[in-house]
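# Inside the fold
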Amino acid sequence: MNVAVLAAMREPLTYRVPSDMTVRVGQRVQVPLGNRKAVGVAVEPVARVAAGVKIREILKVLDPEAVLTPELLTLGLWIAEYYLAPVGEVFRAMLPLRSETHREKVLALTEKGRARLGELESSLLEEARGSEEARFLSVWSVGGESVKVSGRSLARRFPGRSIQIIQNAVARGFVEITEVRRERARRAVWSVRLAGPALPERPQKLSPVARRILEALARQGPADDHRELLKSSRATLAHLKKLSGGGFLELGEPPRASLASSETTGENGRDLTSEQAQALDELTRLLESQKFEPVLLHGVTASGKTEVYLRLIARCLDQGRTALMLVPEIALTPGVQAQFHARFGNQVEVLHSSLGENLRHDAWWAARRGQARVVLGTRSAVFAPLDSLGVIIVDEEHESSYKQEETPRYHARDAAVVRGRLAQALVVLGSATPSLESYSNAREGKYRLLKLEERVRGRPLAAVEIIDMRLEFRETHTQVPLSRQLLEAMEAELACRRQIMVLINRRGYSWFLLCRACGESVRCVNCSISLTYHRREHRLICHYCGYTALVPSHCPGCGSEYLQYVGEGTEKVEGKIAEMFPQARVARLDRDVARRAGAYQKILGDFRDGKIDILVGTQLIAKGHDFHGVTLVGVVSADQGLSMPDFRAAERTFQLLTQVAGRAGRGDSPGRVLVQTFYPDHYAILLAAGQDYEGFYSKEMRFRRMMHYPPAGALANVIAQSTKLEDAARVARQIGGFLGRMAEQYGLRVLGPASAPLARIEGRYRIQLLIKAQSRARLNEVLRRLEADCDQRGVPPHAVMIDMDPVNIL
């Protein structure tokens, strides 16, 4: 049997199946690997092994059923082949499962300990029989001499004293400590309801906790999830079981909620627009065909794409099939999750990397066993083990966060299309600003194209105005983050009690700390990047490796005291706005804030409820939010991304500006967007102001064709990296020589080797080669031959990073 070991191994390994063992393809197995044991996935049986080859046996089957279906196995093997990723790493990413067992330290009574227990029990002295030592050793007498007791159990029996007692018993030879593997207990979720129609007649016999539980059930009705009831009534599961045993309440399986949606009206009772209805009817027709169909749904901001998604999923469930929806950011999941739970109830499970191990494990198995019929999640949810998949929806398909930046470097959007083909499912890619790759596929007929060109309720798109910051500087002779025009507009909106969003796509307070004497900035010790100043922490922080440093009082290079904070981030703009408008309620939302537990949901909830007047933030505030009170959006440093050494810089700028402009005017009042820029004539900014996607696509594609960048060609990014610059340079020369020999045969264009734009990250020097080709198949073949050449030369795998279809080339 070929087994993909869940480790950095490029190919499966062959193991013998013992005669008394049955192994199915897709099951997890335990196998010997060197001098240790490892977990792998059985991928295919092997008919015969070459004579004389010794192979080792599989040790154990870990699952009673296959954890990966043939569909997911094929998808994983495709990812490993296309993205040149170790197959074991791919399957490890696909299986976010905790181990079914865990290691635990247990204590057993020794012969000496049994003898000592006998002495104490037969003692004539009551103090000896009732001593702490006797009570400790008698723990083993309850379950028999061979019983093994966990340290956690002893800690509960002897709170505050267990460690000292155990150490003393071990030192005297009364107990011995060993380590065992035990199966994890499964945490059930119970529904709770009162056993009778009302509270008991004599509640005075109940404890205060029990009364709180029963009163909560009488007031709120049955609870579908006992954990919520326990939280609200400040109780424990033991209290519930005691009440259940006393006949006061009933515990049962949580119900599977039925659909709450309507085919004819939306969440607020609104009818679909004619465009929404036409798009939904066409998508339903494709869904009913039960064939693979990729569709690009290009809808302007606030055109009602989410409502189309929800109704399409409802129709998919009506057909007895399952649905998968991907969103680009974990931060967006709670808002979308609320909509999905309101519509589909407990049929929904959420999967993303920020979930705890237990929650992720339970959600995965709920999908695998058919208890969940809808899965909502981020990039990794594309591997959700749903059977009978009917539709896959990738919302905001243009987002770069769908591309994984660590091994395996897959793109979830493209993996979703491949999975849809394997499952014969409908795949819907939705966006107001589609990626050039997807729109090119739609134009070439590879995808169907559906459009929503009008906002719901006939609301107009927000009016966008460009503010030339060069002119602002000439007239005011000051460099400030907020222009006079933007400040005046904000004052007017606040006077009308309307809400404002201000986007600046850079977190922190200042970009870096500059010495005005020698011109040096304070840089990261691990990366070739300046440290960003964060005022709240009063620290200089690297946004790539997390290194932090104290803010110096003098220049570390020349000792000068003339240090200047350069540039502005979200912290600084938030402070300036609070200073300019002291009566306004100002809040900030960026990744620094979102890391605090519950902060993201609270800020968005307060903003939605009108408790915040001005919200300052990074691109987190530009994606997918529906705030009806926002009438003004200000964009600070709109051209910031245009200076990046990346061929996608213009596309990203256009997408960000168009998306953030779509946050304004979603209610009854019209919206206005003010864009501050030092490049007012750049086509990305001008066309974003006009929200002219077709114009941008036409302009940008001319550049891509001329320079042979995707989607006009295939691209791979190869980086030689090492903690020593000379080692990285040596490997890069070898790679450059190999690609030079391949260039003419395969029609390649090779840029480099040269230092990567970020020449050093996390202590590793990086030298880059960009490879362009007309055919992805031929490029993939070259990269496979490159891997083989590196192996032959003894280049360690971690010294070469290969990124197929890169989204970020920094």
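I will try to describe carefully the structure that is included in this document. In this text the structure is predicted, and so the values were computed from the model without any measurement. (Residues numbered from 1 in each chain as written. Predicted model: local features only at pLDDT ≥ 70, side-chain atom pairs only at ≥ 80, totals over all residues. Heavy atoms only, no water.)

### Re helix α17 (residues 436-443)
- Of all the eight residues making up α17, seven are buried; the element is thus mostly covered by neighbouring parts of the structure.
- Of the positions making up α17, those classed as buried are L436, E437, S438, Y439, S440, N441 and A442.
- Looking at the buried positions of α17, the neighbouring elements they touch are β11 (293-299), α16 (412-423), β16 (426-431), β17 (448-452), α23 (649-661) and α25 (693-707). (Buried < 20%, exposed > 50% of the residue type's maximum accessible area, 1.4 Å probe, protein only. Helix = DSSP H or I, 4+ residues; strand = E, 2+ residues; numbered from the N terminus. Contact = heavy atoms within 4.5 Å.)

### Some remarks on unusual backbone geometry
- Of the consecutive residues T407 and P408, the connecting peptide bond is found in the cis state with omega at 0°.
- Tracing the backbone shows P408 in the loop between β15 (389-395) and α16.
- A cis amide bond links P710 with the next residue in sequence, P711, at an omega value of 5°.
- Within the secondary structure, P711 is located in the loop between α25 and β29 (714-722).
- Phi is positive for L84, close to 50°, though the residue is something other than glycine.
- Mapped onto the secondary structure, L84 falls in the loop between α1 (70-82) and α2 (87-94).
- For L84, a relative accessible area of 9% gives the class buried.
- In this structure, Q424 is a non-glycine residue whose phi angle is positive, near 55°.
- When you line up the elements, Q424 lands in the loop between α16 and β16.
- The exposure class of Q424 is partly exposed, given its relative accessible area of 36%.

### Digging into helix α13 (residues 305-318)
- Look at α13: 20 Å from first C-alpha to last across 14 residues, which is about the 20 Å you get at 1.5 Å a residue.
- Buried residues dominate α13, accounting for twelve of its 14 residues.
- Restricting attention to buried positions, one finds in α13 the residues K305, E307, V308, Y309, L310, R311, L312, I313, A314, R315, C316 and L317.
- Just downstream of α13 lies G320, where phi reads positive at about 80°. (Expected span 1.5 Å × (residues − 1).)

### What about a nonpolar patch on the surface?
- Together, V46, V49 and V53 line one region of the surface with nonpolar side chains, adding up to about 200 Å² of accessible area.
- Checked against the element boundaries, V49 lands in the loop between β4 (36-44) and β5 (60-61).
- V49 gets classed as partly exposed once you look at its relative accessible area, which sits at 38%. (Patch = residues over 30% accessible without salt bridge, like charges linked within 9 Å, V, L, I, M, F, W, Y side chains within 5 Å. Areas by Shrake-Rupley, 256 points an atom, 1.4 Å probe, with all protein chains shown as cover. Salt bridge = Lys/Arg side-chain N within 4 Å of Asp/Glu carboxyl O.)

### Brief notes about the environment of A128
- In this fold, A128 is placed in helix α4 (residues 126-129).
- With 323 residues separating them along the chain, A128 and K451 place their C-alpha atoms 85 Å apart.
- Here A128 is in contact with L120, S123 and A134, once residues within four sequence places are set aside.

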